[in-house]
Amino acid sequence: PRYFDFKKKDMKQETFKVKKYSGELEDFSIGKLEHSLQKCGADPKEIAAVVAHIEPWIHDGISTDEIHRRVFSFLKKTNRVQASKYSLKRAIFELGPTGYPFERMVGALLKQKGYKTTVGVVLQGACVEHEIDVLAEKQGNVYAIECKFHSDSKRTSNVKVPLYINSRFLDVQKKWNSNQNGNTHLKQGWLVTNTRFTTDAISYGNCIGLTMLSWNHPKNNGIPKHVDRFGLYPITALTTLSKHEKRQLLDKGIILTMEIEQRPEVLKELNLSSGKTREVLSEVHQLCHM
């Protein structure tokens, strides 16, 4: 990879270390920044402008969080839609503190992929009852999806999580598939998280046939890829609404920008000016259809 070398007067070229969310240090790679901007839809000229803006601020030990904030602030002034896409990870964290909005988002994703979904279902297992976050059905096969939402980016799902999820699934599956009058088959358990899985968690999930989706798993096909593909951006990604306005919509059960496009009248309750309403709807439309 290419590294971002910042020349100081009377000093030789340096390679800078940045501090990740985990506290680890790594070399700052201009390639990673360029790649993240490309994924947001930025063209080479726009990427060059961001890099030129960030250059004077890079110093040894700078946090990835500070870099993210500075890039987001710059994009917000130059291209709001790119800023929304760039801040997707933060936007999903802001869906909290409860995991319900994230479950709704996962349910919407599966619906876009042709599944009939229900969020928040209590099912009787062979031994005890279990609350299933999302139940999805397609062509007679049913899937029980557990969603692990974290408000802290440092939190990961270790091997204990799929172990626990699989044991619950097997209990429900035994009861469900023993129904002689049933016309569906409970086929598989899924596990979805907005952060990351440990290596052991992924290995165990692969071994038992548990479908797993996280921010970066499967490789090149994690949550961001699915959100981009179907335009399923959470309303917390919008740059045209304040945090208070977003919270008002979340409290009313509006989770996705798609819901605003389908029901623009929900914005009336925010008492926005006609000009701001047009700005919000324009950003919503672009996010849903880019």
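Just so we're clear, the structure is a prediction, and the values are computed from it rather than from any experiment.

**Structural notes on the packing of aromatic side chains**
For any pair of aromatic rings, geometry is given as the distance between the ring centres together with the angle between the planes. Inspection of the entire model under this criterion finds four aromatic pairs. Aromatic pair Y115 and Y143: ring centres 5.7 Å apart, planes at 85°, arrangement edge-to-face. You can see Y115 sitting in the loop between α6 (100-112) and β4 (116-124) and its partner Y143 sitting in strand β6 (residues 141-148), a full 28 residues away along the chain. Both residues of the pair, Y115 and Y143, belong to the buried class. Each ring, one from Y143 and one from W190, has its centre 5.2 Å from the other, and the planes form 45°; the classification is tilted. Within this pair, whereas Y143 is found in strand β6, its partner W190 is found in strand β8 (residues 185-193), the two being separated by 47 residues in sequence. The same class applies to Y143 and to W190, which are both buried. Ring-pair connections join several aromatic residues into one group, and the members of that group are Y115, Y143 and W190. Lying across the ring of W57, R70 places its NZ or CZ 3.6 Å from the centre. Positioned above the aromatic ring of Y115, the side-chain terminus of K138 is 4.5 Å from the ring centre.

**Observations concerning the side chain of H130**
Structurally, the position occupied by H130 is in strand β5 (residues 129-138). Reaching out from H130, the side chain makes a polar contact with the backbone oxygen of V128 at a distance of 3.4 Å. For H130, the residues in contact, after removing those within four places along its chain, are V121, V122, L123, G125, R168, D171 and V172.

**A closer look at the sheet that holds β4**
Backbone hydrogen bonds are what pair the strands of a sheet, in a parallel or an antiparallel way. Within the open sheet, the five strands sit side by side as β4-β5-β6-β8-β10. Their pairing is mixed. For this open sheet the edge positions go to β4 and β10 (211-213), each flanked by a neighbour on one side alone. Each adjacent strand pair in this sheet contributes to an overall mean axis angle of 35°, direction not counted.

**Re helix α9 (residues 223-230)**
Three or more residues of α9 are buried, namely I223, P224, H226, V227 and F230. Taken around the axis of α9, the buried residues stretch over an arc of 165°, which confines them to a single face. Contacts from the buried residues of α9 go to α5 (88-93), α6, β8, β10 and α11 (257-262). One or two residues past the end of α9 sits G231, with phi positive at roughly 65°.

**Describing unusual backbone geometry**
Residues G96 and P97 are joined by a peptide bond in cis, for which omega reads 15°. With respect to the helices and strands, P97 occurs in the loop between α5 and α6. In the segment running from H217 into P218, the intervening peptide bond is cis, with an omega of -5°. Within the element layout of this structure, P218 appears in the loop between β10 and α9. Phi at Q139 takes a positive value of approximately 55°, unusual for a residue other than glycine. Position of Q139 relative to the elements: it lies in the loop between β5 and β6. Non-glycine residue N271 carries a positive phi angle of around 55°. Positionally, N271 belongs in the loop between α11 and α12 (274-289). Using a relative accessible area of 69% as the deciding quantity, one classes N271 as exposed.

Conventions adopted
Per-chain numbering applies: the sequence of each chain, read as written, is numbered from 1 onward. This being a predicted model, a pLDDT of at least 70 is required before a residue's local features are given, and a value of 80 or more before pairs of side-chain atoms are given or counted; all residues contribute to the totals for chains, interfaces and linings. Derived side-chain values reflect all non-hydrogen atoms in the structure, with water molecules and hydrogen atoms excluded from consideration. Working definition: rings of Phe, Tyr and Trp (its six-membered ring) pair if their centres are within 6.5 Å, and the pair is stacked with planes under 30 degrees apart, edge-to-face with planes over 60 apart, and tilted otherwise. Each helix is a run of H or I in the DSSP string that is no shorter than four residues. Each strand is a run of E no shorter than two, and both are numbered from the N terminus. Note on classification: 1.4 Å probe, protein chains only; a residue is buried when its accessible area is under 20% of the maximum for its type, exposed when over 50%, partly exposed between these limits. Placement of a charge over a ring requires the Lys NZ or Arg CZ to be within 6 Å of the ring centre, with the centre-to-atom vector within 35 degrees of the ring normal. What qualifies as a polar contact is a pair of N or O atoms within 3.5 Å, subject to a donor-acceptor requirement within protein and to the restriction that residues adjacent in sequence count only when both atoms come from side chains. Residue contacts follow a heavy-atom distance rule, with two residues in contact if any of their heavy atoms lie within 4.5 Å. By this definition, two strands are paired if DSSP reports at least two bridges between them. With axes taken as lines fitted to C-alpha atoms, and helix axes fitted only over the stretch in contact, angles between N-to-C directions fall between 0 and 180 degrees. What the arc covers is the set of directions going from the helix axis to the C-beta atoms.

Remember, this is a structural readout, not a statement about activity or role.
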